[in-house]
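# Coordinate analysis (summary)
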Amino acid sequence: MATMSGIPYEVTAETLHPCQVAYVRRDDFLQFVGKYPEVYQGVVRQLSTLYSGACEQLRTVGLSASAPEKLARILLEWSADPKDTKQSTQIKLPLTHEEIAEFIGTTRETVTRTLSEFKNRQLVSLQGSTLMISDRPALETIGGV
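Let me begin by describing the structure that accompanies this report.

Rules used throughout
- Sequence order as written defines residue numbering, which begins from 1 separately in each chain.
- Only residues with pLDDT of at least 70 get local features here, since the model is predicted, and only at 80 or more are side-chain atom pairs given and counted; chain-wide, interface and lining totals rely on the full set of residues.
- Calculated side-chain values reflect all of the structure's heavy atoms, with hydrogen atoms and water omitted.
- Numbering of helices and strands runs from the N terminus, with a helix taken as a DSSP run of H or I at least four residues long and a strand as a DSSP run of E at least two residues long.
- For every residue, the accessible area (1.4 Å probe, protein chains only) is compared with the maximum for its type, and the residue is labelled buried under 20%, exposed over 50%, or partly exposed between those bounds.
- Any two residues having at least one pair of non-hydrogen atoms within 4.5 Å are treated as being in contact.

### Looking at the environment of Gln 46
Mapping Gln 46 onto the fold places it in helix α3 (residues 37-62). Assessed through its relative accessible area of 45%, Gln 46 is described here as partly exposed. Taking C-alpha positions, Gln 46 is 9.1 Å from Met 1, a pair spaced 45 residues apart along the chain.

### Considering unusual backbone geometry
Phi at Gln 122 is positive, roughly 60°, even though this residue is not glycine. Structurally, Gln 122 can be placed in the loop between α6 (108-120) and β3 (124-127). Given a relative accessible area of 61%, Gln 122 falls into the exposed group.

### So, the side chain of Ser 79
Mapped onto the elements, Ser 79 comes out in the loop between α4 (67-78) and β1 (83-84). For Ser 79, a relative accessible area of 1% gives the class buried. Non-local contacts of Ser 79, meaning those with residues more than four positions away in its chain, are made with Thr 89, Ile 91, Ile 133 and Arg 136.

Listed below in structure tokens is the structure:
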């Protein structure tokens, strides 16, 4: 994104293990995509996907009124391509409670408490990091979907 827009990249990265990073100069990359239109189309598709994801995250975090609504929306988003079982939709939680909290703009305690409320209402169940959505329509109501 930064290469195409010409503005500095706003994010840093940290590796967990030693790695080797290859650097491509901006001018070289722009010359390459200019020469190969199919690559340019792929770049545009990728940027569109990133933009859509950012908009969805803004809707989830910025337009949701409550923590339960935000959490319900993110769980529903993660289960958009679910593994369905006979009784429920099954997803592998990709983040810890702390990371989910950061993602939706709340605290870890609120995420844990809200998940417990969802479990008590039999909307979801958890087995390790696998979450089963057993009452999707009720979760959609909470999420305002």
